[in-house]
Amino acid sequence: MLQKYNLKIRPVEMLLGLGLGLGYMTSLRFLGPIGIAELMVLVAIFLLFQLVGKSIFRYEKNLAGLIKIYMIVAVFLLLPFMTLVTTLFVGLKTDPQYIISFMMGITLSFLVVEALKAQKINMGNIVLWFAYAYIFTNIITILFFPSSLESDRYTGAADNPNQLMFYASSASLLLVIYQPKLSFILVPIITWITLKSASDAYTLTLFVTVAIYLFIFLLFGKRFSFGVGLSFAIMIGLSILYFILTNYLEEIILIWQTADQGGSRSSLLIHAFEVTLTSPIFGYGAGKYSGMEGIFQYWEAHNTYLDLSMQFGMIFPAIIYFVFFAFLFNRIKNGFYLQAAFVAAFIVSGLFHFSGRHFFFWVEFAIFYYYVFYDKKIVVKKNANLKEEYL
């Protein structure tokens, strides 16, 4: 049985897993957004292209095919064109270096989808490389560089502690999906490491994971059909929201103001939405367009949906979040409640930070997309949350 959890040295799986697991080490990048992890992912993309490259160009006459063609066109044509227009004719500062990053991300997504369809990769092995790389590098940092713990917030080799939160949440989610039994050992270790960052967003993510799991289990576990459970979930959710807002609104405002760092996050979100409304279809290309005091002040929104909207227009992130929520309901409907809870927490974490430039984001999009449109082999069991899936 332990052999199921052994790392297998398959170049494409090892490089992709290590690239994801070391991706949080942004302070060690040596050429702008490029570091060792990014180079590993690049090599993995080339290897994946050798395996399934031809199939990525096939167009399917269905919703999955329509989504694929739009997203590829948006990244490879719309994004560079609008970046050029914004730079030359609008006169705003842009970040053209991230065009390649987005191109790599979307290419990686659909190569992973094709590899899963053709059963050319084992995601369970990739996830193990991801998790072990994250755990061991952080443990080495904590043991041999104790000064990293002397600051107010632990960052490891990341530029800021919230980047640890991105990768911890992603690794935990993928472990629950592909290594559910082993996740009961590895996820607590990941949690212990990441809590040292004192990230409010990570604490919220953990709270959402537990709360959503209990909520889903009570409503859907052995009691009601999916439709009835969903109806109850909506009614109960709205009732709880009404109760909280009518009784604890002042406390919530106080907590938000404390975490909002003097209103900065609220300002960035509001101004990002205003920017999005000025170009809702095409966006402005690669760059940062929100601001503290107004629009177009070269700030990110720190919100994945809005940051993508400012760059691509509203359609692009709407498609991504459609896939996210479709996968969430897919997990609930098929009895994978723990997975659903981690997916919900992943979605919530993106409300407070921009994770769309990190490769784990595109790998998870690929996995969600694959399950929603192509996986027809799900066998629902009463112990579904402990079920292992090998693709």
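From a predicted model like this one, the values you see are computed outputs, not experimental measurements. Residue positions within a chain follow its written sequence, with the count starting from 1. Per-residue local features of the predicted model are confined to residues with pLDDT of at least 70, and side-chain atom pairs are confined, for both listing and counting, to 80 or more; whole-chain, interface and lining totals are unaffected and use all residues. Values shown for side chains rest on all heavy atoms present in the structure; no hydrogens or waters enter the calculation.

Visitor: Honestly, the packing of helix H4 (residues 97–117) against helix H14 (residues 359–373) in this entry has me stumped. Any pointers?
Guide: For helices, the fitted line uses only the C-alpha atoms of the stretch in contact; every axis is such a line through C-alpha atoms, and the angle between N-to-C directions lies from 0 to 180 degrees. Secondary structure follows DSSP: runs of H or I at least 4 residues long count as helices, runs of E at least 2 residues long count as strands, and numbering of each begins at the N terminus. In the contact formed by H4 and H14, the axes pass within 8 Å of each other and the chain directions differ by 35°. Taken as a pair, H4 and H14 cross one another with a handedness that is right-handed. In this structure, H4 uses Ser101, Phe102, Met104, Gly105, Ile106, Leu108, Ser109, Phe110, Val112, Val113, Leu116 and Lys117 to contact H14, whose residues at the interface are Phe359, Trp362, Val363, Phe365, Ala366, Tyr369 and Tyr370. Each residue gets one of three labels, nonpolar for Ala, Val, Leu, Ile, Met, Phe, Trp, Tyr, Cys and Pro, charged for Asp, Glu, Lys and Arg, and polar for the others, Gly among them. Counted by class, the contact of H4 with H14 contains 15 nonpolar, three polar and one charged residues. Should the near helix be turned anticlockwise from the far one by less than a right angle, the crossing is left-handed, and should it be turned clockwise, the crossing is right-handed. The criterion used for residue contact is that any of the two residues' heavy atoms lie within 4.5 Å.

Visitor: Just to check I follow, could you spell out the layout of surface pockets for this structure?
Guide: Unoccupied space between atoms shows up once a probe the size of one water molecule is rolled over them. Note on definitions: the grid is 1 Å and covers protein atoms alone; a cavity is a set of points where a 1.4 Å probe fits but cannot get out; a pocket is an open set with protein on both sides within 12 Å along at least five of seven lines; lining residues have an atom within 4 Å of a point. Grid points are joined across faces, edges and corners, and a volume is the space filled by probe spheres set on the points. Of the voids in this model, the second largest pocket is the one considered here, and its volume is about 610 Å³. Forming the boundary of the second largest pocket are 28 residues, of which Arg29, Pro33, Tyr98, Arg357 and His358 lie nearest the centre. Of all the secondary-structure elements, those providing two or more residues to the lining of the second largest pocket are helix H2 (36–52), H4 and helix H6 (161–178). No other element matches the five residues that H4 contributes to the lining of the second largest pocket. In terms of residue class, the lining of the second largest pocket is built from 11 nonpolar, 10 polar and seven charged.

Visitor: Teacher, can you tell me more about helix H13 (residues 337–349) here?
Guide: Helical periodicity: at 3.6 residues per turn, an α-helix aligns residues three or four positions apart in one direction. Helices are assigned an expected span. That span is 1.5 Å times one less than the residue count. Taking 1.5 Å per residue, 13 residues should reach 18 Å; H13 reaches 18 Å between its end C-alpha atoms and fits that length. Exposure classes here rest on a 1.4 Å probe applied to the protein chains alone. A residue is buried below 20% of its type maximum, exposed above 50%, and partly exposed in between. Residues of H13 that are buried: Tyr337, Leu338, Gln339, Ala340, Ala341, Phe342, Val343, Ala344, Ala345, Phe346, Ile347 and Ser349.

Visitor: How do you make sense of the pattern of salt bridges when you look at a structure like this?
Guide: Opposite charge on two side chains permits pairing when their charged atoms draw close. Salt bridges, as used here, are contacts in which a Lys or Arg side-chain nitrogen is within 4 Å of a carboxyl oxygen on Asp or Glu. Enumeration according to the criterion identifies six salt bridges in this entry. Of the charged contacts, one joins Arg10 and Glu13 as a salt bridge, the two residues approaching to 3.5 Å between their closest N and O atoms. Salt bridges here are not isolated pairs; linked through shared partners, they connect Glu60, Lys68, Glu114 and Lys117.

Visitor: Explain a nonpolar patch on the surface to me, please; I cannot follow it from the model alone.
Guide: On the surface, a cluster of nonpolar side chains totalling about 750 Å² of accessible area is made up of Tyr59, Leu63, Leu66, Ile69, Val73, Phe76, Leu77 and Phe322. In terms of residues, the nonpolar patch owes the most to one element, helix H3 (residues 63–90), which gives six residues. The exposure class of Phe322 is partly exposed, given its relative accessible area of 42%. By definition, no residue in a patch forms a salt bridge, and every one has over 30% relative accessible area; like charges are joined within 9 Å, nonpolar side chains (Val, Leu, Ile, Met, Phe, Trp, Tyr) within 5 Å. The Shrake-Rupley method, run with a 1.4 Å probe, gives the accessible areas here. Residue values count only the displayed protein chains as cover.

Visitor: Got a minute to help me understand the side chain of Gln163 in this structure?
Guide: Note that Gln163 resides in helix H6. The contacts of Gln163, once residues within four sequence positions are left out, are Tyr24, Thr26 and Ala158.

Visitor: When you look at helix H12 (residues 315–333) in this model, what are you seeing that I'm missing?
Guide: The end-to-end C-alpha separation of H12 is 26 Å, in line with the 27 Å expected for 19 residues at 1.5 Å each. Just downstream of H12 lies Gly335, where phi reads positive at about 90°.

Visitor: Just checking my understanding: could you explain unusual backbone geometry for this structure?
Guide: Excluding glycine, a negative phi dihedral is what most residues carry, and trans is how most peptide bonds are arranged. Positive phi, close to 55°, is recorded for Ala198, a residue that is not glycine. Locating Ala198 in the fold gives a position in the loop between helix H7 (183–195) and helix H8 (200–220). For Ala198, a relative accessible area of 40% puts it in the partly exposed group. We note that His302 has phi near 60°; this positive angle belongs to a residue other than glycine.

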